[in-house]
Amino acid sequence: MEFFCYHRDRPGSLTLREELVEDHWSYMDRYAKELIARGPTFADDGETPTGSVHIVDLPDPAAARAFAFDEPNYQAGAYRDVLLRRWRNLLGRTMWEFPGGRSGGDRYLVLGLGSGRAVDLDVPSDRDELIAYGPLLSDDGLTWLGTAVLLRAPDPDSARAVLTQDRYAAVEVHAWEFGGRR
C-alpha cells in the first residue's frame, strides 16, 4: 500500500531540524527500499524549509502511522502537523526514475484537497514533467480525498494548473526539491 506523508514544520523549528538532520536521514535510510519520493518543501524565499514529503510503500495503515509518527523530527516537536493518506502511484515509478533527473528547473508539491466527486484520476497527457502523481485516499482506499503531485514547472501557477480548476476545496502549491543525503 502506498502512502503520502507530509510533515509540516512548526514555526521556529529550523534550528531543531538542523540539529536532527542526521537522525532524520538515518531514519529514512531504514526505508530506502520502500520510498517512492521524498524531499523538503520551502517558503516563498526558496531557502526556508516548511515541511518534508515522503511517499512510501508500506504493508498497511498501522505501518504508515508508525513511519510518520516515529520520525525523529516529529518525536522532537519540529513538526506542526502531519498529513497522512493512502495514495496510488499512477506513474508506477519512483522519483529516482524521473527522466528529468534530480536537478534542473523548479519543482513543486501540489496538494489538491478533495471536495465532492473524484477528479484527476488519470495521469495528464503531458506527463514528462511529472515526478509523482496520484490520488489521496481514505485508509481503506475507497474514498477519494484529493490529489498529490510532485512536478517540474516554470512557476507556481503552472504547477497549480496540473489539477482541474475549481474542483478542490483547497489547493496548496509548495516549492519542493529531491530529498535524501547530499
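Just so it is clear, the model here is predicted, and its values are computed rather than measured.

1. Considerations on the sheet that holds strand E4 (residues 79–87)
As summarised here, the arrangement of the eight strands in space is E1-E3-E2-E8-E5-E7-E6-E4, forming a closed barrel in which the pairing is antiparallel. Strand-to-strand twist across the sheet, computed as the mean angle between neighbouring axes with direction ignored, equals 30 degrees. Strands strand E2 (35–42), strand E3 (49–57) and E4 of the sheet are contacted by helix H2 (residues 21–29), whose axis makes an angle of about 160 degrees with E2.

2. Here we look at helix H3 (residues 61–70)
Burial in H3 covers these residues: Pro 61, Ala 64, Phe 67 and Ala 68. Down the axis, H3 shows its buried residues gathered within 120 degrees of arc, on one side only. Its buried side turned inward, H3 meets strand E1 (2–9), H2, E3, helix H4 (72–76) and E4. Its side-chain oxygen placed 3.1 Å from the backbone nitrogen of Ala 62, Asp 60 serves as the N-cap of H3.

3. Quick word on the pattern of salt bridges
This model, assessed by the stated rule, comprises six salt bridges. Arg 65 is the partner of Asp 139 in a salt bridge, and the nearest nitrogen-oxygen pair spans 3.2 Å. One end of the pair, Asp 139, is in the loop between strand E6 (130–137) and strand E7 (144–152); the other, Arg 65, is in helix H3, with 74 residues separating them in the sequence. The exposure class assigned to Arg 65 is partly exposed, which follows from its relative accessible area of 38%. Between Asp 81 and Arg 80 there is a salt bridge, and its shortest N-O distance comes to 3.0 Å. A relative accessible area of 30% means that Asp 81 is categorised as partly exposed. Shared partners join several salt bridges into a network, and the residues in it are Arg 8, Arg 80, Asp 81 and Glu 172.

Parameters and conventions
- Residues numbered from 1 in each chain as written.
- Predicted model: local features only at pLDDT ≥ 70, side-chain atom pairs only at ≥ 80, totals over all residues.
- Heavy atoms only, no water.
- Pairing = 2+ DSSP bridges.
- Helix = DSSP H or I, 4+ residues; strand = E, 2+ residues; numbered from the N terminus.
- Axes fitted to C-alpha atoms, helices over the stretch in contact; angles between N-to-C directions.
- Contact = heavy atoms within 4.5 Å.
- Buried < 20%, exposed > 50% of the residue type's maximum accessible area, 1.4 Å probe, protein only.
- Arc of directions from axis to C-beta.
- Polar contact = N/O pair within 3.5 Å; in protein donor to acceptor, adjacent residues only side chain to side chain.
- Salt bridge = Lys/Arg side-chain N within 4 Å of Asp/Glu carboxyl O.

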